[in-house]
Amino acid sequence: MPYAKYTPDEVATRGEQIYEDQIRSKVEEGNKGKFVIIDIESGEFEIDDEDLKATDRMLARRPSAVIYGLRVGFPTAYVMRGHLE
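Keep in mind that what you see is a predicted model, and the values were worked out from it rather than measured. (Residues numbered from 1 in each chain as written. Predicted model: local features only at pLDDT ≥ 70, side-chain atom pairs only at ≥ 80, totals over all residues. Heavy atoms only, no water.)

What about the sheet that holds strand S3 (residues 67-71)?
Then step 1. Taken together, three strands build an open sheet; the order of strands is S2-S1-S3 and the sheet is antiparallel. This sheet does not close on itself; its edge strands, each paired only once, are strand S2 (45-48) and S3. For this sheet, the mean inter-axis angle between neighbouring strands, taken without regard to orientation, is 20 degrees.
Then step 2. Each of strand S1 (35-39), S2 and S3 is contacted by helix H1 (residues 8-27), which is oriented at about 120 degrees to S1, the strand it contacts most.
Then step 3. Along the sheet, helix H2 (residues 51-61) contacts S1, S2 and S3; its crossing angle with S2, the most-contacted strand, is approximately 150 degrees. (Pairing = 2+ DSSP bridges. Helix = DSSP H or I, 4+ residues; strand = E, 2+ residues; numbered from the N terminus. Axes fitted to C-alpha atoms, helices over the stretch in contact; angles between N-to-C directions. Contact = heavy atoms within 4.5 Å.)

Quick word on the pairing of S2
Then step 1. Taking every second residue as pointing to the same face, the buried face of S2 carries Glu46 and Asp48, while none of Phe45 and Ile47 on the other face is buried.
Then step 2. Linking S1 back to S2 in an antiparallel pair, the connection comprises five residues, with Gly43 at a positive phi of about 85 degrees. (Buried < 20%, exposed > 50% of the residue type's maximum accessible area, 1.4 Å probe, protein only.)

Brief notes about the nonpolar core
The nonpolar side chains of a soluble globular protein tend to be buried, and buried together.
Then step 1. Core analysis: the biggest nonpolar cluster contains 13 residues, and Tyr19, Ile23, Val36, Ile38 and Ile40 have the highest contact counts within it.
Then step 2. With five residues, the single largest contributor to this core is H1.
Then step 3. Setting aside residues no more than four positions away along its own chain, Val36 makes contact with Tyr19, Ile23, Val27, Phe45, Glu46, Ile47, Tyr68, Gly69, Leu70 and Val72.
Then step 4. Formed by five residues, the second largest nonpolar core is a distinct cluster that contains Ile37, Ala54, Met58 and Ile67. (Core = buried A, V, L, I, M, F, W, Y, C linked by side-chain atoms within 4.5 Å.)

Things to note about the environment of Asp48
Then step 1. Position of Asp48 among the secondary structure elements: in strand S2.
Then step 2. Residue classification places Asp48 among the buried positions, given a relative accessible area of 17%.
Then step 3. It is 5.5 Å that separates the C-alpha atoms of Asp48 and Phe35, two residues lying 13 residues apart in sequence.
Then step 4. With residues near it in sequence (within four places) discarded, Asp48 still touches Lys34, Phe35, Lys53, Ala54 and Arg57.
Then step 5. Side-chain polar atoms of Asp48 contact the backbone nitrogen of Glu50, separated by 2.9 Å.
Then step 6. Within the structure, Asp48 has its side chain in polar contact with the side chain of Arg57 (distance 2.9 Å). (Polar contact = N/O pair within 3.5 Å; in protein donor to acceptor, adjacent residues only side chain to side chain.)

Considerations on the environment of Thr13
Then step 1. Relative to the assigned elements, Thr13 resides in helix H1.
Then step 2. Classification of Thr13 by relative accessible area gives exposed; the value is 53%.
Then step 3. Considering only alpha carbons, one finds Thr13 and Ile40, 27 residues apart in sequence, at a separation of 9.4 Å.
Then step 4. Side-chain polar atoms of Thr13 contact the backbone oxygen of Asp9, separated by 2.9 Å.

The following block contains the structure:
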């Protein structure tokens, strides 16, 4: 999703900062492997086993959300298969 106001690096930086400052302590326990979708402008978030479900709920609430996603307990949300084999 391209955002006119933000570069990809800005989205990532803001998303990570919001997660660390406001969300991590609320979701980390018992949610390892789940996806967190964050609106970097409001700080609102959704969490689900499936990233698309969380994204759909966020966009239903905030259609113009600038979203950043991550996976609880993992350094990256996705692994590119074939690149590690």
